[in-house]
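# Close look at the chain arrangement
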Amino acid sequence: MRLRIEEVEARIAAACRKAGRERDSVLLLAVTKVFPASAIVEAYSFGLRDFGENYVQEFETKAPLVRSLDGARFHLIGHLQSNKSRRAAELFDTVQTVDSEKLARRLNECGRPMDVMIEVKLSEEASKHGCEPGQIGALISAMRPFEYLRLRGLMTMPPWSDDPETARPYFRRLRALAEEHGLRELSMGMSGDLEVAIEEGSTIVRVGTALFGSRRVE
Ligand SMILES: *Cc1c(COP(=O)(O)O)cnc(C)c1O
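Described in the following lines is the structure provided in the data block. Remember, it's a predicted structure, so these values are computed and weren't measured experimentally.

Quick notes on the rules
Residues numbered from 1 in each chain as written. Predicted model: local features only at pLDDT ≥ 70, side-chain atom pairs only at ≥ 80, totals over all residues. Heavy atoms only, no water. Near = heavy atom within 4 Å. Polar contact = N/O pair within 3.5 Å; in protein donor to acceptor, adjacent residues only side chain to side chain. Areas by Shrake-Rupley, 256 points an atom, 1.4 Å probe, with all protein chains shown as cover. 1 Å grid on protein atoms, 1.4 Å probe; cavity = no way out; pocket = protein on both sides within 12 Å on 5 of 7 lines; lining within 4 Å. Sits in = over half its atoms within 2 Å of the grid points. Nonpolar A, V, L, I, M, F, W, Y, C, P; charged D, E, K, R; others polar. Helix = DSSP H or I, 4+ residues; strand = E, 2+ residues; numbered from the N terminus. Contact = heavy atoms within 4.5 Å. Pairing = 2+ DSSP bridges. Right-handed = clockwise from strand over helix to strand, strands pointing away.

Turning to the site of the ligand, a few remarks are in order. By nearness alone, 13 residues border the ligand, and Lys33, Asn54, Ser191, Thr209 and Arg215 come closest of all. Here an oxygen atom of the ligand sits 2.8 Å away from a polar atom, N or O, in the side chain of arginine 215. In isolation the ligand has 380 Å² of accessible area, and contact with the protein removes 89% of it. Under a 2 Å grid-point criterion requiring more than half of the atoms, the pocket assigned to the ligand is the largest pocket. Here the shell around the ligand is built from residues that sort into six nonpolar, four polar and three charged.

Here it is as structure tokens:
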């Protein structure tokens, strides 16, 4: 795993140099879905501190094994049903996938200060969740009274493609939307397209496969 982390670090550093950005302007979020808690512990031992999980239920089983990792932060990056919001608020430091007022309200009602991001739906794929771009302003306004939620920025997931350039217009669009709404953080870019994402202003790249290998069961 050390080698893979070094490779990903080198890719991020090279992309930052190319884009004229500081390395520390981009957070490497290690996506550990499907992998056991031991993968989190090992990645932590090599210096990673931010981890992304897709499912509340899956992380529930890992959380007791990683809770003692000092300074580790856990981000929910998968769709969250509002009936699981209480559990999510207990388990995660950040929910990157807020996409409705109802969900935001439920999270706020948990009374735990937390960072949140709005997931934006930029592609027409039916399987994709997220707030419509035209609804972001209304959602931000609705969230303003929610005193426990600190809105950090926007997150998106472009349609899958093996050509990283396919994602560029989606990344560019997310950045423009964040600027329009005065938000700083941009969670965009994965194993296959993190360079393009960094060129387009990403501040959080979510990397699974390039760190932990294929999730597919052979
Ligand atoms: C799985 C996942 C990732 C990581 O994808 P890789 O291609 O394995 O790097 C990033 N973001 C989300 C939302 C994911 O579900």
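Moving on, there is more to tell.
Turning our eyes to something else, we now look at the side chain of asparagine 54. Among the secondary structure elements, asparagine 54 is positioned in the loop between β2 (50–53) and α3 (56–66). When neighbours within four sequence positions are excluded, asparagine 54 is seen to be in contact with Val31, Lys33, Leu76, Ile77, Gly78 and His79.

Summarising the sheet, β2 and strand β3 (residues 73–76) pair through four bridges and their orientation is parallel. Across the sheet, the residue bridging to glycine 52 is histidine 75, located in β3. In terms of strand pairing, β3 meets strand β4 (residues 94–98) through two bridges, oriented parallel. Paired with histidine 75 across the two strands is threonine 94, which belongs to β4. Note on the crossover from β3 through helix α4 (residues 85–91) to β4: the handedness is right-handed.

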